[in-house]
Amino acid sequence: MTDKDIKKILKDLYKLEPSLADREVELMEIIKEFALARPDTKFDKKFQNEIKNKLLGRFLETDRKIYFWQNFMNGKKLFFGFGGAIILILIAVPLAYSMYSKNSNFNFGFEQRVKSVGDGAFGNLWGASGGSNNLGMGGEEYAQTSAAPAPMMAENDAAAETRSLGVGGGGGSKAMIAPEATNITFKYIGEKLDLSQEKVSVLKRERTGEMAKKFGGVLGNINTGMLNLSKFKNLEAQNISLSENRDNGYNIYFDVGNETITLNQNWSKWAGIYDRVACPPDSACPESSRLEEKDIPADEALISVADNFIKNYSINKNIYGAPEIDKTWRRYYLLAKEQNDAAASIPQEMSVLYPLAINGKQVYEQYGGKVGLRVGIDIKNNNKVTGVYGLETQSYSSSDYAAEMNGETIIKFAEQGGVGGSYYYGGGKTVTLELMTPQAIYVRQWKYSGMESSELFVPSLLFKVKEMPKDGYYSNEYIAVPLVKEMLRSPQNGDDDIKSMPATRSGSGSSPSVLIEPALPEKSVE
Amino acid sequence: MIDADKIHGQEEELAKEFGKIYDQYIKKIYNFVYYKTHHKETAEDLASVTFAKAWERFNTFDQKKGFVSAWLYKIARNTVIDHYRAQKFEYDVDDVWDLSGNEDIPLDTETKLKLEEVRKHIKFLNSSERDILIMRVWQELSYKEIAEILGKSEASCKMAFSRALARLKKRIPLAAVIAFFLFSSLD
């Protein structure tokens, strides 16, 4: 901005306030200073061209356009640019045609939308938690072999051969001698809880049906020669999968019913991948097949791999937060090492998590771990991305429920280890863990009604354990307590002295695993 | 049966039209996003998302009903808000000015240092008021365009700004007076 421009602005000012003319020098300095504060935006012409090419290149480049349409109209193989890859599956032809068409840029609802519905619209929520709101933070294999009491232990050789997604690992593959069980109690040491909200909003993820309708609409135009799909009415897609037919290509799965998208490696196109499986440390594998701590890339490197993959495939991660490495496995790995467990293992796949936040609050799974977009990276295979998980549509309905306003009640549940109670074995030693001032989060929980399930997001308080016990017999780093009043019931009809039996996980260390809840005494619930 | 030639011909026309708009506005939109993020890579990401959204919806945009510039700015503004709200802040963040400075957010160092003084004053405005300041002074948009972008009337924009001035006046009296007259005189 030149002095001339500033004087012009000042001249306009003087018309409104003539006395300002007496302070012209000072005014000019201030306006100049303000204008000069405009930062250099470093606009890059190369960026301008790249984005234009990505958005419009296919329409504006005549040669590519003719090539595409000639091939398409002649019924030949369809070739089009998707990172230089070729997608050949028959189903992709009409689909690609449609996606090539600007009018069919599908918007499935990956931007967050929350719509309010009436109070209590999701029914009674007690059953949603299954009587438990504990957050177990991974370490499944270790939990099976070390944390659980002896009768619950099982041989689990297969676990070591199954590659987990950065949350498993740690423990050994073979059954060990069960250590003495440790009872856990909690003591809250944080600030006084001031709960003033009379109601809290529970969210429910809604399936809009857009994905089913739009895919169905496109595919419904196909006449295969053997069958004319256009003769069918109101077609809706159920599940769709596409595969990149190229070296190191990926599969893309659309779970249309659940409105989720998953990517993973198209195994048939990854040469020699089975030759590069990390061996368990106690097996008779060559030294080169084992993973050691020095083999784990730096966090920045893993994040860079994930970021680049997401960028290259134009995966929309706008709703997710800054990436972080899931290091849940590490605690169990170190504990196993401390105990000279020869089977202490480093997972072959590391997981980069882009955490999901709704209404500014982080979302946790009911049984541990943050919800979000996960990118798996195989550190044994040149840090190649193994898959992308957690891409889900983000339409929610919101319903108010009466909130627990008594902070002491919330603390009482936190100190008993959550709504479901904590592990209590009746003997052995007891360790008291201190809980810090909580943060507000959502806990994702499933409510089952007949054959249908609802995905609920329950406002909760997350109490972090100040210091985990050194012996590692306890795996939960957090206790979550729901703020919904009707969910705050002890599973044993108020008998707080009797805690529920410990939960254990089934299957290998792969994520996600299924948690088998222990049987609880019969209780009367509506 | 799908008439592919016809559909593609229409799309090509739309693409050409959108291409012109893109060339005309990409720098302005990028700059606007940069003023609200202070980070080149983030601004590039969000500007590209803005135009991707605009392209997706371009066939439904009626240029007779409003400025294309206002439409693009509105998408950009919402994209920036979505970007910050999707992150795990414990308070409402609409753009980089709302941050306390202690967050682990990438910022261009040069810009951060240059805006340190300005930041002290305008961080007390709400995001709409800050946008008015940025768009009017740094981007030289008319009040009419600003009002359309923010989805308000020109009068309500002035009202909002005058309320902000009342707060600013206590902090930087002279600057507030100047800003008031700047905005009043630029209608």
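Look above for the structure.
Below or above, wherever it landed, is the structure these notes cover. Model, not experiment: these values are computed from the prediction.

### As for the overall build of chain A
Item 1. A count of helical and extended segments in chain A gives eleven helices and 20 strands.
Item 2. Residues counted as buried form 49% of the 526 residues belonging to chain A.
Item 3. Excluding contacts between residues fewer than 6 apart, the proportion of contacts in chain A whose partners are at least 24 apart in sequence is 72%.

### Some words on the environment of Ile-315 of chain A
Item 1. Looking at the secondary structure, you find Ile-315 of chain A in the loop between α9 (299–312) and β8 (324–325).
Item 2. Through-space distance from the C-alpha of Ile-315 of chain A to that of Val-388 of chain A is 9.6 Å; in sequence the pair is 73 residues apart.

### What about the sheet that holds β8 of chain A?
All names here are of chain A.
Item 1. An order of β5-β6-β7-β13-β12-β9-β8 is seen for the seven strands of this open sheet, with the pairing classed as antiparallel. What marks the edges here is a single partner per strand, and that holds for β5 (239–243) and β8.
Item 2. Where strand β6 (residues 250–255) lies against strand β7 (residues 260–265), six bridges are found, and the strand directions are antiparallel. Its bridge partner lying in β7, Tyr-250 is registered against Gln-265.

### Some details on unusual backbone geometry
Residue and element names in this part refer to chain A.
Item 1. Unlike most non-glycine residues, Asn-382 shows phi in positive territory, near 55°.
Item 2. Tracing the chain through its elements places Asn-382 in the loop between β12 (372–378) and β13 (384–392).
Item 3. One non-glycine residue, Asn-383, lies in the positive phi region at around 55°.
Item 4. Tracing the sequence through the fold places Asn-383 in the loop between β12 and β13.
Item 5. Residue Asn-383 is classed as partly exposed on the basis of its relative accessible area of 24%.

### Details of helix α2 (residues 40–57) of chain B
Item 1. Here α2 of chain B spans 26 Å end to end across 18 residues, near enough to the 26 Å set by a 1.5 Å rise per residue.
Item 2. Counting buried residues in α2 of chain B gives 13 out of 18 residues, a clear majority hidden from the surface.

### Here we look at the packing of helix α3 (residues 68–85) of chain B against helix α7 (residues 143–150) of chain B
Residue and element names in this part refer to chain B.
Item 1. One way to put it is that α3 packs onto α7 with a least axis distance of 8 Å and a crossing angle of 45°. Between α3 and α7, the interaxial angle falls into the category oblique. The way α3 lies across α7 gives a crossing that is right-handed. Along the contact surface, α3 presents Ser-69, Ala-70, Tyr-73, Lys-74 and Arg-77, while α7 presents Glu-145, Glu-148, Ile-149 and Leu-150.
Item 2. Classifying every residue of the contact of α3 with α7 gives four nonpolar, one polar and four charged.

### Overview of the packing of α2 of chain B against α3 of chain B
Residue and element names in this part refer to chain B.
Item 1. At a minimum axis separation of 9 Å, α2 and α3 run at an interaxial angle of 125°. Taken together, α2 and α3 sit at an angle that is classed as oblique. Where α2 crosses over α3, the two elements pack in a sense that is right-handed. Residues Thr-42, Leu-46, Val-49, Thr-50, Phe-51, Lys-53, Ala-54 and Arg-57 of α2 form the contact with α3, whose own contacting residues are Trp-71, Leu-72, Ile-75, Ala-76, Thr-79, Val-80, Asp-82 and His-83.
Item 2. Here the contact of α2 with α3 is composed, by residue class, of nine nonpolar, four polar and three charged.

### Section: a nonpolar patch on the surface
Item 1. Taken together, the side chains of Met-226, Leu-227 and Phe-232 of chain A present a nonpolar region at the surface, about 370 Å² in accessible area.
Item 2. Within the fold, Phe-232 of chain A resides in the loop between α8 (210–219) and β5.

### Concerning the pairing of strand β18 (residues 478–482) of chain A
All names here are of chain A.
Item 1. Counting buried positions along β18 gives five out of five residues, so the element sits mostly inside the fold.
Item 2. Here strand β17 (residues 452–464) pairs with β18 via five bridges, running antiparallel. Across the sheet, Leu-462 pairs through a bridge with Ala-480, a residue of β18.

### Describing the packing of aromatic side chains
Ring pairs (aromatic) are described by centroid distance and by the angle formed between their planes.
Item 1. With the rule as written, the count across this model stands at 22 aromatic pairs over all chains.
Item 2. With centroids separated by 5.8 Å and ring planes inclined at 50°, the aromatic side chains of Phe-47 of chain A and Tyr-30 of chain B adopt a geometry described as tilted. Of this pair, Phe-47 of chain A sits in helix α3 (residues 45–60) while Tyr-30 of chain B sits in helix α1 (residues 4–37), which puts the two residues in different chains.
Item 3. What makes Phe-47 of chain A buried here is its relative accessible area of 5%.
Item 4. An aromatic cluster of three or more residues is present, and its members are Phe-18, Tyr-22, Phe-51, Trp-55, Phe-58, Phe-61 and Trp-71 of chain B.

### Brief notes about empty space enclosed by the protein
Item 1. Taken as a whole and judged by the stated rule, the model has four cavities of 30 Å³ or more.
Item 2. Of the voids in this model, the second largest cavity is the one considered here, and its volume is about 100 Å³.
Item 3. Phe-110, Glu-111, Asn-316, Asn-318, Ile-319, Tyr-320 and Leu-391 of chain A together with Leu-46, Lys-53, Thr-79, Asp-82 and His-83 of chain B together form the lining of the second largest cavity.
Item 4. Secondary structure elements with two or more residues in the lining of the second largest cavity: α2 and α3 of chain B.
Item 5. Broken down by element, the residue count for the lining of the second largest cavity peaks at three residues, all from α3 of chain B.
Item 6. Of the residues that constitute the lining of the second largest cavity, the class distribution is five nonpolar, four polar and three charged.

### As for the pattern of salt bridges
Item 1. One pass over the structure, following the stated rule, counts 24 salt bridges over all chains.
Item 2. With a shortest N-O distance of 3.2 Å, Glu-392 of chain A and Arg-444 of chain A are connected by a salt bridge. With Glu-392 of chain A in strand β13 and Arg-444 of chain A in strand β16 (residues 439–449), the pair connects residues that are 52 residues apart, well separated along the chain. The same class applies to Glu-392 of chain A as to Arg-444 of chain A, namely buried.
Item 3. Close ionic contact of Asp-95 of chain B with Lys-36 of chain B constitutes a salt bridge, the shortest N to O distance being 3.0 Å. In this pair, Asp-95 of chain B sits in the loop between α3 and α4 (109–114) while Lys-36 of chain B sits in helix α1, placing the two residues 59 residues apart along the sequence. Take Asp-95 of chain B and Lys-36 of chain B: they sit in the same class, and that class is buried.

Criteria and thresholds
- Residues numbered from 1 in each chain as written.
- Chains lettered and ligands numbered in written order.
- Predicted model: local features only at pLDDT ≥ 70, side-chain atom pairs only at ≥ 80, totals over all residues.
- Heavy atoms only, no water.
- Helix = DSSP H or I, 4+ residues; strand = E, 2+ residues; numbered from the N terminus.
- Buried < 20%, exposed > 50% of the residue type's maximum accessible area, 1.4 Å probe, protein only.
- Contact = heavy atoms within 4.5 Å.
- Pairing = 2+ DSSP bridges.
- Expected span 1.5 Å × (residues − 1).
- Axes fitted to C-alpha atoms, helices over the stretch in contact; angles between N-to-C directions.
- Parallel < 35°, antiparallel > 145°, perpendicular 65-115°, else oblique.
- Left-handed = near helix turned anticlockwise from the far one by under 90°.
- Nonpolar A, V, L, I, M, F, W, Y, C, P; charged D, E, K, R; others polar.
- Patch = residues over 30% accessible without salt bridge, like charges linked within 9 Å, V, L, I, M, F, W, Y side chains within 5 Å.
- Areas by Shrake-Rupley, 256 points an atom, 1.4 Å probe, with all protein chains shown as cover.
- Salt bridge = Lys/Arg side-chain N within 4 Å of Asp/Glu carboxyl O.
- Phe/Tyr/Trp six-rings, centres within 6.5 Å; stacked < 30°, edge-to-face > 60°.
- 1 Å grid on protein atoms, 1.4 Å probe; cavity = no way out; pocket = protein on both sides within 12 Å on 5 of 7 lines; lining within 4 Å.
- Points joined across faces, edges and corners; volume = space filled by probe spheres on them.

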